[in-house]
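Architecture at a glance
Residue-level listing of the chains:
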Amino acid sequence: MNTQWPELGELPAGWTRKHLLGLEELSREELEIILDKAQFFRDAFDRGCRKFSLLSGHTCVTLFFENSTRTRTSFTLAAQRLGASCVAFTASTSSLSKGETVIDTAKNIEAMGCESMVVRHSTPGIPQLLCEHVNCSIINAGDGPHEHPTQGLLDILTMRQRLGDLHGKTVALIGDIAHSRTARSNIWGLQKLGAHVIVCGPSTLVAADWEKMGVEYSYSLDAILPRVDVLNLLRIQFERQYTRPFPSVREYALLYGMTGERLRRAKPDILILAPGPINRGVEVTPDVADGPQSAILEQVSNGLAVRMAVLWLTEGGRKIDN
Ligand code: NCD
């Protein structure tokens, strides 16, 4: 392993944020700063450079009140690769079950000394609320159906690597738009970079009022397929729904599942993405998920780079009193 690290450069003048709560609040310039720094870490990683000492002495806590595989692991690895230490808080084994509030939990963790808190919660706005009660950097790792900024960024980074400038490109988000924080972060980020966004799914999960966000909406994957450059296949968020949004999963898969047969009717160089976890045979068939158009695992590698960039930028953006 090459532990020698190349020059990262100064903190960009356009970056002053201590927290990352969502892509809605970011300017195009701020988005590009994160994407460029993430690309730097990705390139360094590809050259075998996996250990930096940029955040040595810092502590990051992952405060997750919802399950996670990719997001938590990659934030943990990202912190470690920057030289920080990282501690995991898990809601199910904590004093929350003894009646402690989320705010008290966060304050107690901060009292042990931590510079970054990566927060996932099923209630929209919890990361924002914590910003008002603790002094460390807060990074939103998904707040209910609201936003999942680092997922949006890693999706966009993967598109940018494959397609170059996203201006004028057509990106379709397929499936459970209504309950997807990934969809919202994609929409905010992609539109700022000039992409055309289509949201597509059953009418119970895609409403016409999404047009207010400036996106096109469609109920037919087959109708939009020939003009799409990127398909981002979203999981049905059953855990956020009280009623079944369609008669059966089989019917959903027939209408909205991306299959090898549909791929033949798409642009030859269409890019297939999915935030994961994927349900094989529902939103995507295995031949497509594992095929040459798919960049699903590439997204996961880019996620690590994005999270390194976000941890570094939000730490660098604050004044640390020694
Ligand atoms: C997404 C999430 O948690 O919002 N997954 C992820 O972070 N990789 C999408 C999902 O759970 O379907």
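Look a little higher up for the structure.
What comes next is a walk through the structure. Source: prediction; values computed, not measured. (Residues numbered from 1 in each chain as written. Predicted model: local features only at pLDDT ≥ 70, side-chain atom pairs only at ≥ 80, totals over all residues. Heavy atoms only, no water.)

1. With respect to the pairing of strand β8 (residues 230–233)
Applied cut-off: Each residue is placed in one exposure class: buried if its accessible area under a 1.4 Å probe, protein chains only, is under 20% of its type's maximum, exposed if it is over 50%, and partly exposed if it falls in between. Strands here are runs of E lasting at least two residues and helices are runs of H or I lasting at least four, both read from the DSSP assignment and numbered beginning at the N terminus. The pairing criterion is simple: DSSP has to find at least two bridges between the two strands.
Alternating residues of β8 divide into Val230 and Asn232 and Leu231 and Leu233, and every residue in both groups is buried. Of the strand pairs in this sheet, strand β5 (residues 170–174) and β8 are connected by four bridges, and their pairing is parallel. Looking at β8, one finds that Ala172 is bridged to Leu231. Two strands pair when backbone bridges link them, and β8 and strand β9 (residues 271–273) are joined in this way by three bridges, in the parallel orientation. Looking at β9, one finds that Val230 is bridged to Leu271.

2. Digging into the sheet that holds strand β1 (residues 59–64)
This is how the line gets drawn: To define axes, lines are fitted to C-alpha atoms, for helices over the stretch in contact only, and angles between the resulting N-to-C directions are given on a 0 to 180 degree scale. Contacts are assigned to residue pairs that have any heavy atoms within 4.5 Å of one another.
The strand order across the open sheet built from four strands is β2-β1-β3-β4, with neighbouring strands paired in parallel fashion. Looking at which strands have only one partner, the edges of the open sheet turn out to be β2 (85–90) and β4 (137–143). Here the strands of the sheet are splayed against their neighbours by 15° on average, with no regard to which way each runs. Packed onto the sheet, helix α11 (residues 296–316) meets β1, β3 (116–121) and β4 and runs at close to 145° relative to β4.

3. Focus on the environment of Arg264
Relative to the helices and strands, Arg264 is located in the loop between α9 (260–263) and β9. Overall, the relative accessible area of 69% leaves Arg264 in the exposed class.

4. A closer look at the packing of aromatic side chains
Heads up, the rule is: Each pair of aromatic rings taken from Phe, Tyr and Trp, with Trp reduced to its six-membered ring, is defined by centres within 6.5 Å and is described as stacked if the planes are under 30 degrees apart, edge-to-face if over 60, and tilted in the remaining cases.
Across all of its chains, the model carries eight aromatic pairs by this definition. Relative to Phe52, the ring of Phe41 lies with its centre 5.3 Å away and its plane at 80°, an arrangement referred to as edge-to-face. Here Phe52 lies in the loop between α1 (28–46) and β1 and Phe41 lies in helix α1, a separation of 11 residues in the sequence. By the burial criterion, Phe41 is buried, and Phe52 matches it.

5. Notes on the pattern of salt bridges
Think of it this way: side chains of opposite charge can pair up when their charged atoms draw near. To keep things clear, this is the line we draw: What makes a salt bridge here is a side-chain nitrogen of Lys or Arg within 4 Å of a carboxyl oxygen of Asp or Glu, nothing more.
The full count for this structure, using the stated rule, is 15 salt bridges. Put simply, Asp46 and Arg42 hold a salt bridge, and the shortest N to O gap is 3.2 Å. In this pair, Asp46 and Arg42 both sit in helix α1, four residues apart, roughly one turn of the helix. A salt bridge links Asp222 to Arg265, with the nearest nitrogen and oxygen atoms 3.1 Å apart. Placement of Asp222 in helix α7 (residues 221–224) and of Arg265 in the loop between α9 and β9 is noted, with a sequence separation of 43 residues between them.

6. Regarding helix α5 (residues 149–163)
Rule in force here: To estimate how far a helix should reach, multiply one less than its number of residues by 1.5 Å.
Between its first and last C-alpha atoms α5 spans 21 Å; for 15 residues at 1.5 Å apiece the expected length is 21 Å, and the two agree. The buried count for α5 comes to 11 of 15 residues, which makes it a mostly enclosed element. For α5, every residue scored as buried is listed here: Pro149, Thr150, Gln151, Gly152, Leu153, Leu154, Asp155, Ile156, Leu157, Thr158 and Met159. Just past α5, the residue Gly164 takes up positive phi, approximately 75°.

7. Considerations on the packing of α5 against α11
Geometrically, a packed helix pair is captured by the angle between its two axes and the distance between the axes. Our working definition: These descriptions rest on fixed angle ranges, namely under 35 degrees for roughly parallel, over 145 for roughly antiparallel, 65 to 115 for roughly perpendicular, and the rest for oblique. A crossing counts as left-handed when the near helix is turned anticlockwise from the far one by less than a right angle, and as right-handed when that turn is clockwise. Three classes are used, and their members are as follows: Ala, Val, Leu, Ile, Met, Phe, Trp, Tyr, Cys and Pro are nonpolar, Asp, Glu, Lys and Arg are charged, and the others, Gly among them, are polar.
Where α5 contacts α11, the axes come no closer than 8 Å and their chain directions differ by 120°. In terms of axis orientation, α5 runs oblique to α11. Remark: the crossing between α5 and α11 carries right-handed chirality. Of α11, the residues touching α5 (which contributes Thr150, Gln151, Leu153, Leu154, Asp155, Leu157, Thr158 and Gln161) are Glu298, Gln299, Asn302, Gly303, Val306, Arg307 and Val310. Of the residues belonging to the contact of α5 with α11, the class tally is five nonpolar, seven polar and three charged.

8. A few points about the nonpolar core
Note the threshold: Side-chain atoms within 4.5 Å are what join buried Ala, Val, Leu, Ile, Met, Phe, Trp, Tyr and Cys residues into a set we call a nonpolar core.
Residues Ile34, Leu153 and Leu311 are the most contacted members of the largest nonpolar core, which totals 60 residues. At nine residues, the largest contribution of residues to this core is made by α11. Not counting chain neighbours up to four residues away, the residues in contact with Leu153 comprise Leu20, Leu23, Leu31, Ile34, Leu35, Val306 and Val310. Of all hydrophobic cores here, the second largest spans 26 residues; its members include Cys200, Met258, Val282 and Ala289.

9. Structural notes on the side chain of Thr158
Mapping Thr158 onto the fold places it in helix α5. Setting aside chain neighbours within four positions, we find Thr158 in contact with Leu271, Leu273, Ala295, Glu298, Gln299 and Asn302.

10. Quick look at the sheet that holds β8
Taken in spatial order, the five strands line up as β7-β6-β5-β8-β9 in an open sheet, and their pairing is parallel. Each edge of the sheet is formed by a strand with only one pairing partner; in this case those strands are β7 (216–218) and β9. Ignoring which end each strand starts from, the neighbouring axes of this sheet average 20° apart. In the packing of α5 onto the sheet, the strands contacted are β5, β8 and β9, and the crossing angle to β9 comes to about 165°.

Limitation: the analysis is restricted to geometry and does not speak to function.
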